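# A look at the structure
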Amino acid sequence: MKKIITVLLSLFALTVIGCSGKDELSFDSVESARVQANENSEFNAKSFRQSHAEYAAYSISMRGDSTQSAKCGQGDGWASIDLVKVDEGKKIPLKCSTVSAATGCMTDIDFKQRSYAGQDGKCDDSIPFPLPKIQK
């Protein structure tokens, strides 16, 4: 009887340990992923601004990918960014890919009309982790 109780307690302990978040990323890993996501999305925002002459005088205000966490280091693959023209009080919200230069950025209005919008706010397991650096 003692052996059975010992085995059951051992199995219970392993189950608890397995569910205790051991698979969560460290703070440093998440921060590194955020830095890479921000660098990638800023690169995409600069490319977007460069290809749209009407936004040449706008600055870039990063907000990042709010879904990146210890449970989802790669996030949803989309960063929120604003192009801002402070002296005129104008702000153009963008959604920028955190992993793809080919996808790049689009205005928030355009983003909401695409299939990409369904990914926003949800951890995307199809995105590689660690995030690849967009080649410049």
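In this text, all values refer to a predicted model and were calculated from it rather than measured experimentally.

### Observations regarding the pairing of strand 2 (residues 78–85)
Of all 8 residues that make up strand 2, 8 are buried, and the element is covered over most of its length. When strand 1 (residues 59–64) meets strand 2, the two strands line up antiparallel, connected through 5 bridges. Each bridged residue has a counterpart across the sheet, and for Gly64 the counterpart in strand 2 is Ser80.

### Some thoughts on helix 2 (residues 27–51)
For helix 2, spanning 25 residues, the distance from its first C-alpha to its last is 36 Å, which sits close to the expected 36 Å at 1.5 Å a residue. All buried positions along helix 2 are accounted for by Val30, Ala33, Gln36, Ala37, Asn40, Ser41, Asn44, Ala45 and Phe48.

### Digging into the nonpolar core
Among the nonpolar cores identified, the biggest contains 10 residues, and these are Ala45, Phe48, Tyr55, Tyr58, Ile81, Leu83, Ile92, Leu94, Cys96 and Cys105. Of all the secondary structure elements, the ones that give two or more residues to this core are helix 2, strand 2 and strand 3 (90–97). The dominant element in this core, judged by the number of residues it contributes, is strand 3, at 3 residues. Not counting the four nearest positions on each side in its chain, Ala45 is found in contact with Ile60, Ile81, Cys96 and Cys105.

### Topic: the sheet that holds strand 3
Read from one edge to the other, the open sheet built from 4 strands follows the order 1-2-3-4, with strand pairing classed as antiparallel. The sheet is open, and its two edges are formed by strand 1 and strand 4 (105–107), each paired on a single side. Pairs of neighbouring strands in the sheet enclose a mean axial angle of 30 degrees, with direction left out of account. Across 8 bridges, strand 2 lies against strand 3 in antiparallel orientation. Along strand 3, the bridge assignment pairs Ala79 with Cys96. Along the sheet, helix 2 contacts strand 1, strand 2, strand 3 and strand 4; its crossing angle with strand 1, the most-contacted strand, is approximately 145 degrees.

### Some thoughts on the state of the cysteines
Under the definition given, this model contains 2 disulfides. The disulfide partner of Cys72 is Cys123, and the S-S distance across this bridge is 2.0 Å. Here the disulfide of Cys72 and Cys123 is right-handed, its torsion about the S-S bond being about 95 degrees. Of this pair, Cys72 sits in the loop between strand 1 and strand 2 while Cys123 sits in the segment after helix 3 (108–112), and the two are 51 residues apart along the sequence. With a relative accessible area of 38%, Cys123 lands in the partly exposed category. Note on cysteine connectivity: Cys96 is disulfide-linked to Cys105, with sulfurs 1.9 Å apart. Looking down the S-S bond of the Cys96 and Cys105 bridge, the torsion is 110 degrees, so its handedness is right-handed.

The rules behind the values
- Residues numbered from 1 in each chain as written.
- Predicted model: local features only at pLDDT ≥ 70, side-chain atom pairs only at ≥ 80, totals over all residues.
- Heavy atoms only, no water.
- Buried < 20%, exposed > 50% of the residue type's maximum accessible area, 1.4 Å probe, protein only.
- Helix = DSSP H or I, 4+ residues; strand = E, 2+ residues; numbered from the N terminus.
- Pairing = 2+ DSSP bridges.
- Expected span 1.5 Å × (residues − 1).
- Core = buried A, V, L, I, M, F, W, Y, C linked by side-chain atoms within 4.5 Å.
- Contact = heavy atoms within 4.5 Å.
- Axes fitted to C-alpha atoms, helices over the stretch in contact; angles between N-to-C directions.
- Disulfide = S-S within 2.5 Å.

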